[in-house]
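# Structure at a glance
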Amino acid sequence: AQSVAQPEDQVNVAEGNPLTVKCTYSVSGNPYLFWYVQYPNRGLQFLLKYITGDNLVKGSYGFEAEFNKSQTSFHLKKPSALVSDSALYFCAVRANNNNDMRFGAGTRLTVKP
Amino acid sequence: DTAVSQTPKYLVTQMGNDKSIKCEQNLGHDTMYWYKQDSKKFLKIMFSYNNKELIINETVPNRFSPKSPDKAHLNLHINSLELGDSAVYFCASSHAVGTRFQETQYFGPGTRLLVL
């Protein structure tokens with residue numbers, strides 16, 4: 001069965017600095033990888049996904065993620081963080097041969113002015 | 001114009017009661033899901049329906065019973081509520097997964113259930 005690890009419960013960055021939220025995965029077969037963001041008292045919003053092709057995926061709100069097959073990672077990045085990026089971020093993985101999508105435990109990003 | 005909607009948004013009830021949460025999507029999707037998010041924000045799938053047919057049924061107490069009257073609706077009925085059922089329940093939908101496992105899931109705003 002597939003699984004996802006988000007090794008950091010909390011990431012703190014200063015506004016304007018680059019941010020990285022880490023994600024590693026385990027799956028048999030080729031992975032489909034997703035990032036979602038959850039703002040307080042809201043549902044999850046889709047940010048971006050990797051299916052195939054270019055390892056660098058660009059998504060909403062200036063976020064991007066890089067698929068690294070050898071390191072089984074899919075880290076979320078943004079060149080310049082905004083205070084409004086502060087939220088809970090979830091990485092998710094689905095294998096290319098079943099419907100079951102697994103979410104990581106989430107990483108709380110705090111961007112300070 | 002809400003894509004995935006859930007009612008109620010908040011639900012406070014006593015132990016032992018039976019309650020239902022409703023979910024509707026207007027995205028034309030064929031697959032719908034229920035997730036439970038606990039107090040530590042861990043998100044766990046409970047059920048998935050594709051065209052009204054159950055395709056994922058994780059290890060969930062049988063007090064939880066999903067019902068899909070049509071492919072735009074997936075309701076969650078909970079019998080004999082327990083304190084541990086307190087959580088946020090999210091509904092989601094996607095295009096039919098079938099062999100298209102890359103489909104994105106779209107989430108509702110959540111129902112915050114508190115069992116006293």
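Please read all numbers here as calculations on a predicted model, not as lab measurements. (Residues numbered from 1 in each chain as written. Chains lettered and ligands numbered in written order. Predicted model: local features only at pLDDT ≥ 70, side-chain atom pairs only at ≥ 80, totals over all residues. Heavy atoms only, no water.)

This next bit is on the overall build of chain A. On a plain count of helices and strands, chain A comes out with zero helices and 12 strands. In terms of overall size, chain A behaves like a compact globule, its C-alpha atoms giving a radius of gyration of 13 Å where 113 residues would be expected to give roughly 13 Å. Oriented by its inertia axes, the alpha-carbon framework of chain A measures out at about 45 × 30 × 20 Å. Residues classed as buried in chain A amount to 48% of the 113 residues present. Counting only carbon and sulfur atoms, one obtains 47% of the accessible surface of chain A, whose full area is about 5100 Å². When the 11 positive and 8 negative side-chain charges of chain A are each reduced to one mean point, those points stand 4 Å apart. (Helix = DSSP H or I, 4+ residues; strand = E, 2+ residues; numbered from the N terminus. Rg over C-alpha atoms; globule rule 2.2 N^0.38 Å. Buried < 20%, exposed > 50% of the residue type's maximum accessible area, 1.4 Å probe, protein only. Areas by Shrake-Rupley, 256 points an atom, 1.4 Å probe, with all protein chains shown as cover. Lys, Arg positive; Asp, Glu negative; His and termini not counted. Charge placed at Lys NZ, Arg CZ, Asp CG, Glu CD.)

Turning our eyes to something else, we now look at the interface of chain A and chain B. Facing 25 residues of chain A, the contacting portion of chain B comprises 22 residues. Buried area between chain A and chain B, summed over both chains or domains, comes out near 1900 Å², and the portion from carbon and sulfur atoms is 54%. Counting across the chain A and chain B interface gives five residue pairs in polar contact (both at pLDDT 80 or more). Of all the secondary structure elements, the ones that give two or more residues to the side of chain A that touches chain B are β5 (31–38), β6 (44–50), β10 (87–95) and β11 (101–103) of chain A. For the side of chain A that touches chain B, the class distribution of residues is 12 nonpolar, seven polar and six charged. (Contact = heavy atoms within 4.5 Å. Buried area = accessible area lost by both parts, 1.4 Å probe. Polar contact = N/O pair within 3.5 Å; in protein donor to acceptor, adjacent residues only side chain to side chain. Nonpolar A, V, L, I, M, F, W, Y, C, P; charged D, E, K, R; others polar.)

This next bit is on the side chain of A:His75. Residues and elements named next belong to chain A. As for its position among the elements, His 75 is in strand β9 (residues 73–78). Within the local environment of His 75, its side chain forms a polar contact with the backbone nitrogen of Cys 23, the two atoms lying 3.0 Å apart. Excluding residues that lie within four positions of it along the chain, His 75 makes contacts with Thr 20, Val 21, Lys 22, Cys 23, Thr 24, Trp 35, Glu 64, Ala 65 and Glu 66.

Judged by side-chain polarity, B:Val12, B:Leu114 and B:Leu116 come together as a nonpolar surface patch covering roughly 270 Å² of accessible area. Turning to its location among the elements, B:Leu116 is positioned in the segment after β11 (111–115). (Patch = residues over 30% accessible without salt bridge, like charges linked within 9 Å, V, L, I, M, F, W, Y side chains within 5 Å. Salt bridge = Lys/Arg side-chain N within 4 Å of Asp/Glu carboxyl O.)

It is worth spelling out the nonpolar core at this point. Ranked by size, the top nonpolar core spans 29 residues in total, and within it A:Trp35, A:Leu47, A:Leu48, A:Phe74, A:Leu76 and A:Tyr89 carry the most contacts. Those elements giving two or more residues to this core turn out to be β2 (10–14), β3 (19–21), β5, β6, β8 (64–68), β9, β10 and β12 (107–112) of chain A. Take this core: its biggest share by element is five residues, from β10(A). Judged by nonpolar contacts, the second largest core, of 19 residues, contains B:Val4, B:Ile21, B:Cys23 and B:Leu76. (Core = buried A, V, L, I, M, F, W, Y, C linked by side-chain atoms within 4.5 Å.)

Applying the stated criterion across every chain, the model contains five salt bridges over all chains. Across the pair A:Lys78 and A:Asp85 runs a salt bridge, and its minimum N-O distance is 2.8 Å. B:Lys71 serves as the salt-bridge partner of B:Asp30, at 2.8 Å between the closest nitrogen and oxygen. Of the two residues, B:Asp30 sits in the loop between β3 (19–25) and β4 (31–37) while B:Lys71 sits in the loop between β7 (64–70) and β8 (73–78), which places them 41 residues apart along the sequence. A relative accessible area of 17% places B:Asp30 in the buried class. Here the residues in one salt-bridge network are B:Arg63, B:Glu82 and B:Asp85, joined through shared partners.

All names here are of chain B. Taken in spatial order, the four strands line up as β1-β3-β8-β7 in an open sheet, and their pairing is antiparallel. Strands at the two margins of the open sheet, each flanked by one partner only, are β1 (4–7) and β7. Pairs of neighbouring strands in the sheet enclose a mean axial angle of 20°, with direction left out of account. (Pairing = 2+ DSSP bridges. Axes fitted to C-alpha atoms, helices over the stretch in contact; angles between N-to-C directions.)

Moving on, we come to the confidence of the model for chain B. In the predicted model, chain B carries a mean pLDDT of 89, and 93% of its residues have values of at least 70. At the level of individual helices and strands, chain B shows its lowest average pLDDT in strand β6 (residues 53–57) of chain B, which scores 78, and its highest in β3(B), which scores 97. (pLDDT = per-residue confidence, 0-100.)

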